[in-house]
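Chain and residue survey
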Amino acid sequence: MIRALLTKLTQPDPAPLGDDDARLAITAILVRLARSDHAYGASEIDEITRILSKRYGLTPDAAVALLHEAEEVEAAAPDTVRFTNAVKDGVRLDDRIAVIEAAWSVVLADGVRTAEEDALMRMIPRFLGITDLQSNEARLRAAKAMNGGAG
(Lines give C-alpha, C1' and ligand atoms only; values in the text may rest on other atoms or scores of the structure.)
Protein backbone atom coordinates (compact mmCIF):
# COMPACT_ATOMS: atom_id res chain seq x y z
CA MET A 1 0.00 0.00 0.00
CA ILE A 2 2.83 2.40 0.84
CA ARG A 3 4.65 1.80 -2.45
CA ALA A 4 1.38 2.19 -4.40
CA LEU A 5 0.61 5.50 -2.69
CA LEU A 6 4.12 6.81 -3.29
CA THR A 7 3.83 5.84 -6.95
CA LYS A 8 0.55 7.77 -7.20
CA LEU A 9 2.06 10.80 -5.48
CA THR A 10 5.07 10.88 -7.80
CA GLN A 11 3.02 10.92 -11.00
CA PRO A 12 3.14 14.25 -12.87
CA ASP A 13 -0.65 14.51 -12.66
CA PRO A 14 -1.82 12.24 -9.82
CA ALA A 15 -5.30 10.72 -10.03
CA PRO A 16 -7.74 11.41 -7.20
CA LEU A 17 -6.99 9.30 -4.15
CA GLY A 18 -9.28 6.59 -2.84
CA ASP A 19 -10.43 6.77 0.77
CA ASP A 20 -7.62 4.59 2.18
CA ASP A 21 -4.92 6.41 0.23
CA ALA A 22 -6.36 9.81 1.17
CA ARG A 23 -6.43 8.79 4.84
CA LEU A 24 -2.81 7.66 4.65
CA ALA A 25 -1.68 10.79 2.78
CA ILE A 26 -3.51 13.08 5.22
CA THR A 27 -1.91 11.29 8.16
CA ALA A 28 1.50 11.55 6.49
CA ILE A 29 0.99 15.32 6.15
CA LEU A 30 0.29 15.50 9.90
CA VAL A 31 3.44 13.46 10.56
CA ARG A 32 5.49 15.73 8.28
CA LEU A 33 4.22 18.74 10.16
CA ALA A 34 4.95 17.16 13.55
CA ARG A 35 8.45 16.19 12.44
CA SER A 36 9.23 19.60 10.92
CA ASP A 37 10.73 20.99 14.13
CA HIS A 38 12.83 17.85 14.72
CA ALA A 39 10.97 17.32 18.02
CA TYR A 40 8.49 14.58 17.11
CA GLY A 41 7.43 13.79 20.65
CA ALA A 42 4.78 12.01 22.64
CA SER A 43 2.38 14.96 22.76
CA GLU A 44 2.30 15.24 18.96
CA ILE A 45 2.10 11.46 18.47
CA ASP A 46 -0.74 11.26 20.99
CA GLU A 47 -2.56 14.14 19.29
CA ILE A 48 -2.27 12.54 15.84
CA THR A 49 -3.50 9.22 17.25
CA ARG A 50 -6.43 10.99 18.93
CA ILE A 51 -7.30 12.78 15.69
CA LEU A 52 -7.21 9.52 13.72
CA SER A 53 -9.42 7.73 16.24
CA LYS A 54 -11.96 10.53 16.26
CA ARG A 55 -11.91 11.43 12.56
CA TYR A 56 -11.99 7.90 11.18
CA GLY A 57 -13.65 6.01 14.05
CA LEU A 58 -10.56 3.87 14.59
CA THR A 59 -9.69 1.84 17.66
CA PRO A 60 -6.53 3.00 19.44
CA ASP A 61 -4.59 0.06 17.94
CA ALA A 62 -5.85 0.80 14.41
CA ALA A 63 -4.96 4.50 14.82
CA VAL A 64 -1.43 3.59 15.93
CA ALA A 65 -1.08 1.19 12.99
CA LEU A 66 -2.17 3.94 10.56
CA LEU A 67 0.24 6.36 12.21
CA HIS A 68 3.16 3.93 11.81
CA GLU A 69 2.29 3.39 8.16
CA ALA A 70 2.06 7.17 7.64
CA GLU A 71 5.46 7.63 9.29
CA GLU A 72 6.95 5.31 6.67
CA VAL A 73 5.16 7.15 3.86
CA GLU A 74 6.29 10.54 5.15
CA ALA A 75 9.91 9.42 5.41
CA ALA A 76 9.94 8.16 1.80
CA ALA A 77 7.52 10.65 0.27
CA PRO A 78 8.14 13.40 -2.23
CA ASP A 79 8.03 17.05 -1.39
CA THR A 80 5.20 18.63 0.59
CA VAL A 81 3.78 20.30 -2.52
CA ARG A 82 3.13 16.97 -4.22
CA PHE A 83 1.67 15.51 -1.02
CA THR A 84 -0.79 18.32 -0.55
CA ASN A 85 -1.70 18.56 -4.22
CA ALA A 86 -2.65 14.87 -4.24
CA VAL A 87 -4.84 15.45 -1.17
CA LYS A 88 -6.33 18.61 -2.70
CA ASP A 89 -7.29 16.75 -5.85
CA GLY A 90 -8.71 13.77 -3.99
CA VAL A 91 -10.47 15.22 -0.93
CA ARG A 92 -13.56 17.45 -0.61
CA LEU A 93 -13.13 21.04 0.62
CA ASP A 94 -14.87 20.44 3.97
CA ASP A 95 -12.55 17.53 4.64
CA ARG A 96 -9.51 19.60 3.66
CA ILE A 97 -10.56 22.29 6.14
CA ALA A 98 -10.85 19.55 8.78
CA VAL A 99 -7.30 18.47 7.85
CA ILE A 100 -6.07 22.02 8.52
CA GLU A 101 -7.84 22.04 11.89
CA ALA A 102 -6.16 18.71 12.70
CA ALA A 103 -2.83 20.13 11.55
CA TRP A 104 -3.23 23.08 13.90
CA SER A 105 -4.02 20.64 16.72
CA VAL A 106 -0.73 18.89 16.05
CA VAL A 107 1.19 22.18 15.97
CA LEU A 108 -0.38 23.31 19.24
CA ALA A 109 -0.12 19.90 20.97
CA ASP A 110 3.29 20.42 22.53
CA GLY A 111 2.62 24.03 23.53
CA VAL A 112 5.43 25.36 21.33
CA ARG A 113 5.09 26.85 17.85
CA THR A 114 8.37 26.72 15.99
CA ALA A 115 9.43 28.60 12.88
CA GLU A 116 9.48 25.31 10.95
CA GLU A 117 5.90 24.49 11.93
CA ASP A 118 4.74 28.02 11.15
CA ALA A 119 6.40 27.86 7.73
CA LEU A 120 4.61 24.62 6.87
CA MET A 121 1.32 25.98 8.21
CA ARG A 122 1.64 28.87 5.78
CA MET A 123 2.29 26.46 2.89
CA ILE A 124 -0.01 23.51 3.53
CA PRO A 125 -3.34 25.38 3.57
CA ARG A 126 -2.46 27.25 0.39
CA PHE A 127 -1.53 24.01 -1.39
CA LEU A 128 -4.78 22.43 -0.17
CA GLY A 129 -6.81 25.32 -1.57
CA ILE A 130 -7.62 26.74 1.87
CA THR A 131 -7.67 30.51 2.40
CA ASP A 132 -5.74 32.27 5.16
CA LEU A 133 -9.07 33.12 6.80
CA GLN A 134 -10.22 29.48 6.73
CA SER A 135 -6.86 28.39 8.17
CA ASN A 136 -7.04 30.99 10.93
CA GLU A 137 -10.59 29.93 11.81
CA ALA A 138 -9.40 26.31 11.91
CA ARG A 139 -6.53 27.34 14.23
CA LEU A 140 -8.96 29.08 16.57
CA ARG A 141 -11.24 26.00 16.64
CA ALA A 142 -8.26 23.75 17.35
CA ALA A 143 -7.05 25.99 20.17
CA LYS A 144 -10.54 26.18 21.66
CA ALA A 145 -10.91 22.38 21.52
CA MET A 146 -7.52 21.93 23.21
CA ASN A 147 -8.62 24.25 26.01
CA GLY A 148 -11.69 22.12 26.67
CA GLY A 149 -13.97 24.32 24.58
CA ALA A 150 -13.30 27.40 26.72
CA GLY A 151 -12.56 30.69 25.09
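Structure: see above.
Residues numbered from 1 in each chain as written. Predicted model: local features only at pLDDT ≥ 70, side-chain atom pairs only at ≥ 80, totals over all residues. Heavy atoms only, no water.

Details of the overall build of the protein
Of the regular secondary structure elements, the protein holds eight helices and zero strands. Written out in order from the N terminus, the α and β elements of the protein read α-α-α-α-α-α-α-α. Scaling as 2.2 N^0.38, a compact globule of 151 residues should have a C-alpha radius of gyration of about 15 Å, and the protein matches this with 14 Å. Taking the principal axes of its C-alpha atoms as reference, the protein extends roughly 45 × 35 × 30 Å. Accessible surface computed for the protein: about 7,500 Å², of which carbon and sulfur atoms make up 53%. (Helix = DSSP H or I, 4+ residues; strand = E, 2+ residues; numbered from the N terminus. Rg over C-alpha atoms; globule rule 2.2 N^0.38 Å. Areas by Shrake-Rupley, 256 points an atom, 1.4 Å probe, with all protein chains shown as cover.)

Focus: the packing of helix H2 (residues 19-35) against helix H6 (residues 93-109)
Where H2 contacts H6, the axes come no closer than 9 Å and their chain directions differ by 30°. One way to sum up the angle between H2 and H6 is to call them roughly parallel. In this structure, H2 crosses over H6, and the sense of that crossing is right-handed. Note on element contacts: H6 touches H2 through Val 99, Ala 102, Ala 103, Val 106 and Val 107, opposite Ile 26, Leu 30, Leu 33 and Ala 34. Split into classes, the residues belonging to the contact of H2 with H6 amount to nine nonpolar, no polar and no charged. (Axes fitted to C-alpha atoms, helices over the stretch in contact; angles between N-to-C directions. Parallel < 35°, antiparallel > 145°, perpendicular 65-115°, else oblique. Left-handed = near helix turned anticlockwise from the far one by under 90°. Contact = heavy atoms within 4.5 Å. Nonpolar A, V, L, I, M, F, W, Y, C, P; charged D, E, K, R; others polar.)

Focus on the packing of aromatic side chains
Going through the model one piece at a time under the given rule, you end up with zero aromatic pairs. Stacked on the ring of Tyr 40, the Lys or Arg Arg 35 has its end atom at 5.1 Å from the ring centre. (Phe/Tyr/Trp six-rings, centres within 6.5 Å; stacked < 30°, edge-to-face > 60°. Lys NZ or Arg CZ within 6 Å of the ring centre and 35° of its normal.)

Digging into the pattern of salt bridges
Scanning the model with the defined rule gives seven salt bridges in all. Here Glu 47 makes a salt bridge to Arg 50, at a shortest N to O gap of 2.6 Å. You can see Glu 47 and its partner Arg 50 sitting in helix H3 (residues 42-56), three residues apart, about one turn around the helix. Judged by relative accessible area, which is 10%, Glu 47 ranks as buried. Between Asp 95 and Arg 55 there is a salt bridge; the shortest N-O distance is 3.8 Å. In this pair, Asp 95 is assigned in helix H6 and Arg 55 in helix H3, connecting sequence segments 40 residues apart. The class of Arg 55 is partly exposed, set by a relative accessible area of 30%. Linked through salt bridges whose partners overlap, the residues forming this network are Arg 32, Arg 35 and Glu 74. (Salt bridge = Lys/Arg side-chain N within 4 Å of Asp/Glu carboxyl O. Buried < 20%, exposed > 50% of the residue type's maximum accessible area, 1.4 Å probe, protein only.)

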